[in-house]
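# Structural characterization, general
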Amino acid sequence: MAAPFLAAAVPIGPAGSDPVPMWLAADAGIRIAADAGASLVVLPELFATPYVAAESPAGWAHLAEPIEGPTTTRMRAAAMANGIYVLFGMALREAAGLPFNTALLARPDGRIEVAARKIHLPPAGDAFGEEHHFIPGAPIVQAVDIAGCKVAALICYDRRFPECWRAAAAAGADLVAVLVGGPAPDDPEGLYAAELQASARANAVYALAAARYGTETVTGQDVRHDGETIAFDPNGMKIHQHTGPFLVAVEPDRLAHARDNNATARRLRLPLLTVKEASWLN
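For clarity, every value in this text was computed on a predicted model and none was experimentally measured. (Residues numbered from 1 in each chain as written. Predicted model: local features only at pLDDT ≥ 70, side-chain atom pairs only at ≥ 80, totals over all residues. Heavy atoms only, no water.)

## With respect to the overall build of the protein
Selection criterion: Runs of H or I in DSSP of at least four residues are treated as helices and runs of E of at least two as strands, each being numbered from the N terminus. Only C-alpha atoms enter the radius of gyration, while the globule expectation follows 2.2 Å times N to the 0.38, with N the number of residues. A 1.4 Å probe rolled over the protein chains alone gives each residue an accessible area, and that area as a share of the maximum for its type sets the label: buried under 20%, exposed over 50%, partly exposed in between. In this description, contact between two residues means that some pair of their heavy atoms is separated by no more than 4.5 Å. The Shrake-Rupley method, run with a 1.4 Å probe, gives the accessible areas here. Residue values count only the displayed protein chains as cover. Positive charges come from Lys and Arg, negative ones from Asp and Glu, while His and the chain ends are left out of the count. Lys charges are placed at NZ, Arg charges at CZ, Asp charges at CG and Glu charges at CD.
For the protein, the count of helices and strands is 7 helices and 14 strands. The C-alpha radius of gyration computed for the protein amounts to 17 Å, which stays within 12% of the reference 19 Å derived for 282 residues, consistent with globular compactness. If you line up the protein on its principal axes, its C-alpha atoms span 50 × 40 × 35 Å. When burial is assessed residue by residue, the protein has 50% of its 282 residues classed as buried. In the protein, the proportion of contacts linking residues at least 24 apart, taken out of those at least 6 apart, comes to 70%. Total accessible area on the protein stands at roughly 12000 Å², and carbon and sulfur atoms take up 55% of it. Computed over 22 positive and 30 negative side-chain charges, the separation of the two mean positions in the protein equals 7 Å.

## Some details on the pattern of salt bridges
What counts, and what does not: In the sections that follow, a salt bridge refers to a side-chain nitrogen of Lys or Arg positioned within 4 Å of a carboxyl oxygen of Asp or Glu.
Tallied over the full model, the rule gives 16 salt bridges. Residue glutamate 195 pairs with arginine 160 through a salt bridge whose shortest N-O separation is 2.4 Å. In this pair, glutamate 195 sits in helix α5 (residues 191-203) while arginine 160 sits in the loop between β7 (149-155) and α4 (162-170), placing the two residues 35 residues apart along the sequence. Assessed through its relative accessible area of 13%, glutamate 195 is described here as buried. Residue arginine 160 is classed as partly exposed on the basis of its relative accessible area of 27%. With a closest N to O distance of 2.4 Å, arginine 212 and glutamate 216 form a salt bridge. With respect to burial, arginine 212 and glutamate 216 carry one shared label: buried. Sharing partners across several salt bridges, the network here consists of Arg107, Asp109, Arg111 and Glu113.

## Digging into the packing of aromatic side chains
Selection criterion: Between 30 and 60 degrees the pair is tilted, below 30 it is stacked and above 60 it is edge-to-face, where a pair is any two Phe, Tyr or Trp rings, Trp via its six-membered ring, whose centres lie within 6.5 Å. Definition used: whenever NZ (Lys) or CZ (Arg) falls within 6 Å of the ring centre and also within 35 degrees of the ring normal, the charge is taken to sit over that ring.
This model, assessed by the stated rule, comprises 2 aromatic pairs. Looking at arginine 117, its charged tip hangs above the ring of phenylalanine 100, at a distance of 5.3 Å from the centre.

## Side note on α5
Worth spelling out the cut-off: What a helix should span is 1.5 Å times the count of its residues minus one. In this description, the arc belongs to the directions extending from the helix axis to the C-beta atoms.
Taking 1.5 Å per residue, 13 residues should reach 18 Å; α5 reaches 18 Å between its end C-alpha atoms and fits that length. The complete set of buried residues in α5 reads Tyr192, Ala193, Glu195, Leu196, Ser199, Ala200 and Asn203. Buried residues along α5 cover an arc of 160 degrees about the axis, so they all sit on one side. Here the buried face of α5 lies against α4, β8 (175-180), β9 (206-211), β12 (230-232) and α7 (263-267). Two residues or fewer past α5, alanine 204 is found with a positive phi of approximately 55 degrees.

## Details of the pairing of β7
Going by this rule: Should DSSP find at least two bridges between two strands, the strands are taken to pair.
Burial analysis of β7 places 7 of its 7 residues in the buried class, which makes it a mostly covered element. Taking every second residue as pointing to the same face, both faces of β7 are buried, with Cys149, Val151, Ala153 and Ile155 on one and Lys150, Ala152 and Leu154 on the other. Here strand β6 (residues 144-146) runs beside β7; their pairing, made up of 3 bridges, is antiparallel. Within β7, the position partnered with isoleucine 146 by the bridge is cysteine 149. Hairpin connection, β6 to β7: the antiparallel pair is bridged by 2 residues, and alanine 147 has positive phi, about 55 degrees. Where β7 and β8 come together, 5 bridges link them in parallel fashion. Pairing of isoleucine 155 across the sheet is with leucine 179, part of β8.

## Side note on the environment of alanine 204
Tracing the backbone through its elements, the reader meets alanine 204 in the loop between α5 and β9. Judged by relative accessible area, alanine 204 falls into the buried class, the value being 0%. Residues alanine 204 and glycine 110, spaced 94 residues apart in sequence, show a C-alpha to C-alpha distance of 32 Å. Not counting chain neighbours up to four residues away, the residues in contact with alanine 204 comprise Pro234, Leu255, Ala258, Arg259 and Ala265.

## Concerning the sheet that holds strand β4 (residues 100-106)
Definition in use: Axis definition: a line fitted to C-alpha atoms, limited for helices to the stretch in contact. Angles are taken between N-to-C directions and run from 0 to 180 degrees.
Here we have 6 strands laid out as an open sheet, ordered β5-β4-β3-β2-β1-β14, and mixed in their pairing. Each end of this open sheet is capped by a strand with a single partner; those strands are β5 (112-117) and β14 (246-250). The sheet shows a mean angle of 30 degrees between the axes of neighbouring strands, direction not considered.

## Overview of the packing of helix α1 (residues 20-35) against helix α2 (residues 70-82)
For the record, the criterion: Note on terminology: angles under 35 degrees are roughly parallel, angles over 145 are roughly antiparallel, angles of 65 to 115 are roughly perpendicular, and the others are oblique. Handedness of a helix crossing follows the sense of rotation of the near helix relative to the far helix, less than a right angle counterclockwise being left-handed and clockwise being right-handed. Side-chain classes are defined by residue name, with Ala, Val, Leu, Ile, Met, Phe, Trp, Tyr, Cys and Pro counting as nonpolar, Asp, Glu, Lys and Arg as charged, and the others, Gly among them, as polar.
Contact geometry for α1 and α2: axes closest at 10 Å, N-to-C directions at 20 degrees. In terms of their interaxial angle, α1 and α2 are classed as roughly parallel. Handedness of the α1/α2 crossing: right-handed. Where α1 approaches α2, its residues Trp23, Leu24, Ala26, Asp27, Ile30, Arg31 and Ala34 are matched on the opposing element by Pro70, Thr71, Arg74, Met75, Ala78 and Asn82. Here the contact of α1 with α2 is built from residues that sort into 8 nonpolar, 2 polar and 3 charged.

## Concerning the nonpolar core
Within soluble globular proteins, side chains that are nonpolar generally end up buried alongside one another. So the rule is basically this: By convention a nonpolar core is built from buried Ala, Val, Leu, Ile, Met, Phe, Trp, Tyr and Cys residues, the set being connected through side-chain atoms within 4.5 Å.
Among the nonpolar cores identified, the biggest contains 53 residues, and Leu40, Leu87, Leu175 and Leu208 are the most heavily contacted of them. Once you skip the residues sitting within four places of it in the chain, leucine 175 turns out to touch Phe5, Ala7, Leu40, Cys149, Lys150, Val151, Ala152, Tyr206, Leu208 and Val250. Counting residues in hydrophobic clusters, the runner-up holds 27 residues, among them Ala33, Ala78, Ile84 and Val114.

Written as structure tokens, this is what we have:
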């Protein structure tokens, strides 16, 4: 990576029963990112559908799509039209039974790849939780080269687990993209940003989170998204925090300096058991 790599995060929300407004919002953000020179745009977790983890899965199974479903078709078209990589979240149905909470990568040449399947599913609340709606992904973190920058994807709750960040760094990631959605009303104020900041610094990687926002009412109850669209450099310095799309420049010199001088990132000696350095193509 000889020159800075530009990545964009696009917040989306709130979702309703019709995915079209979310698709249109994504299209607009992708165009802004591409016009600004970005090579990659990151959209939130499950960006086009309401967050229904507290509801009975039987009533919401229709939200899952096959890999050639309408959301993927829309994001493929946006990637091709704008000449940009698009990393986005959706419920992916790959076989009979429950779907995966998935991050997919749409390439400018029209290829679609599975970037990540959510490994850790938040536990049930009073009745239901994500573990009732999805199959957990295999404990694997991958990285892929995009225009000279190695990018790993984590889906929301997976950011809470230091092992995921260590695996991303061990796979060679320069940038960890975190696709965020869902409420976290019990979190202490500031915890979300602190998790990203500490993980970026400890592993000498850039952290870029694209979050859903707003309050959804499609289920008959208020569901408020609590994440922020935010970024940190490999030294843990906040780059930007915004309510709209923004760019992050992944700078090779800053990465090299952090990796040469960050004692934590250089000194971990515990073994890593779930690292995969490979293409996202399945």
